[in-house]
Amino acid sequence: MTLRPDAGPSTRAVHAGEPPARVGEPVVNPIVLSSTFFSEPDGTGEVRYARYGNAPNQIAVETRVAALEGAEDAVALGSGMGAMVCALLANLQAGDHVVATDAIYGGTRTLLSRELSRLGIETTYVDYFSADWQSAVRPETRVLLGETPSNPLLRVADPRPIADAAHAAGAVLIVDATFASPINLRPLEHGADLVMHSATKYLGGHSDVTGGIIAGSRERTEGVRARARVWGPMLDGHAAWLLERGMKTLAVRMERHNRNGGEVAAWAEAHPGIARVHYPGLASHPDHETARRLLDGFGGMLGIELRGGGPAAAHFVAALRLASLAPSLGGVETLVSEPRYTSHAAMTPEQRAANGLPDGFIRLSLGIEDAADIIADLDQALAAAG
Ligand SMILES: Cc1ncc(COP(=O)(O)O)c(C=O)c1O
């Protein structure tokens, strides 16, 4: 398959990295589950071994994601956390310092605060939207770490000024863009050095595969590959095949996620039982202008605050018939979760409220069902919540 260099994202999602068409060969990449591959008898050539990340399905995923991100290279790992840990270890050593947004995914926060701290790497958390990034940087700062859009308030930050602060200090900017997918945002175009995804979410898209991605320049991804080879969190062949298959429909799925996001957000904003809606596509969202400038779509993630608070939320989730109460996001099915029981369970209700997450806050990951059916379900659940 030969793609035009300016092929659009939908075409790249379906075809990037495919081998040339040959009569009799399969149109779809076969699954190769072999963990090892025949070597040259004289010891020349690449040693191929699944943990080294150079098995066929791993390479297929990496080529496809790199094409979507506009990156020189990508590394496919066994989970989003596997990807994040390898990206951090590739850029840090004992005595180094990280500056991270305080709105970072909980697992990443635990990784920084409980694991990397044990290796002598310290982290300072800053408000994503303040000028604190600059002042938090120290001579030993090597990584600045952002996440956009953020969970679950869907705040959207421009990576550019943070990248400038990182580069002025000789550090790198890593951005977790899981909530956007490369269809809606490509942080490398905005100055980031590495972009990270939990491929478990939109890239896979069907809630049936766990994976992670790091993409950037080859110079940077080589460091990530070197860590992954030794620490070992590689993506296995079957998961890689599922991920490649899921990515073929990424662009069309995102179109529907984006459309459903807009329709449900508009409905929610007009509903008397909902006190506030967090969706970057709404003019009422604090980052609406930034989102319009940076994003190619506002996504399918939405936060709503029920007027009835925690008790109403309990009735609401119990009454849902189409949407399911489950963590995770980015799949074809609509999922809801309550941050008080998931990402922000470690905080008191008062701390959560001070962070913009009063009890009664529901996070919605809108699937690709018909918007009318999603809205009908949310509407009846709200009626049941009283
Ligand atoms: C924004 C974000 N980053 C990273 C992760 C970690 O990904 P994984 O569960 O694939 O390890 C998650 C998982 O929920 C996430 O939501």
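Just so it is clear, the model here is predicted, and its values are computed rather than measured.

Trainee: Would you mind going over the site of the ligand with me for this structure?
Mentor: As a matter of local geometry, the ligand sits amid 14 residues, with G80, M81, D176, S198 and T200 nearest to it. G80 places a main-chain nitrogen or oxygen 2.9 Å from an oxygen atom of the ligand. Here an oxygen atom of the ligand and a side-chain polar atom of T200 are 2.6 Å apart. The fraction of the free accessible surface of the ligand (390 Å²) that becomes covered by protein chains is 89%.

Trainee: Hey, could you run me through the pairing of strand β12 (residues 361–365) in this one?
Mentor: Both faces of the sheet carry side chains from a regular strand, because those side chains alternate between them. A large share of β12 lies buried, amounting to 5 of its 5 residues. Residues of β12 alternate between two faces, with F361, R363 and S365 on one and I362 and L364 on the opposite face, all of them buried. The pairing of strand β9 (residues 301–306) with β12 spans 5 bridges and is classified as antiparallel. Considered in β12, the bridge of L302 is made with L364. Where strand β11 (residues 335–337) lies against β12, 3 bridges are found, and the strand directions are antiparallel. The partner of V336 across the bridge, within β12, is L364.

Trainee: For this particular structure, what's the right way to read the domain arrangement of the protein chain?
Mentor: Interface size is commonly expressed as the accessible surface area that is lost when the partners come together. We note that the domain assignment places domain 1 (9–248) and domain 2 (250–385) within the protein chain. Taken residue by residue, the interface counts 33 residues in domain 1 and 38 residues in domain 2. With both chains or domains summed, domain 1 and domain 2 bury close to 2,800 Å², and 60% of this area falls on carbon and sulfur atoms. Our count for the domain 1 to domain 2 interface comes out at 3 salt bridges. Joining domain 1 to domain 2, the criterion identifies 17 residue pairs in polar contact (both at pLDDT 80 or more). Where the side of domain 1 that touches domain 2 is concerned, the elements lending two or more residues are α1 (9–15), α7 (181–184) and α9 (237–248).

What counts as what
Residues numbered from 1 in each chain as written. Predicted model: local features only at pLDDT ≥ 70, side-chain atom pairs only at ≥ 80, totals over all residues. Heavy atoms only, no water. Near = heavy atom within 4 Å. Polar contact = N/O pair within 3.5 Å; in protein donor to acceptor, adjacent residues only side chain to side chain. Areas by Shrake-Rupley, 256 points an atom, 1.4 Å probe, with all protein chains shown as cover. Buried < 20%, exposed > 50% of the residue type's maximum accessible area, 1.4 Å probe, protein only. Helix = DSSP H or I, 4+ residues; strand = E, 2+ residues; numbered from the N terminus. Pairing = 2+ DSSP bridges. Domains from an automatic or database assignment. Contact = heavy atoms within 4.5 Å. Buried area = accessible area lost by both parts, 1.4 Å probe. Salt bridge = Lys/Arg side-chain N within 4 Å of Asp/Glu carboxyl O.

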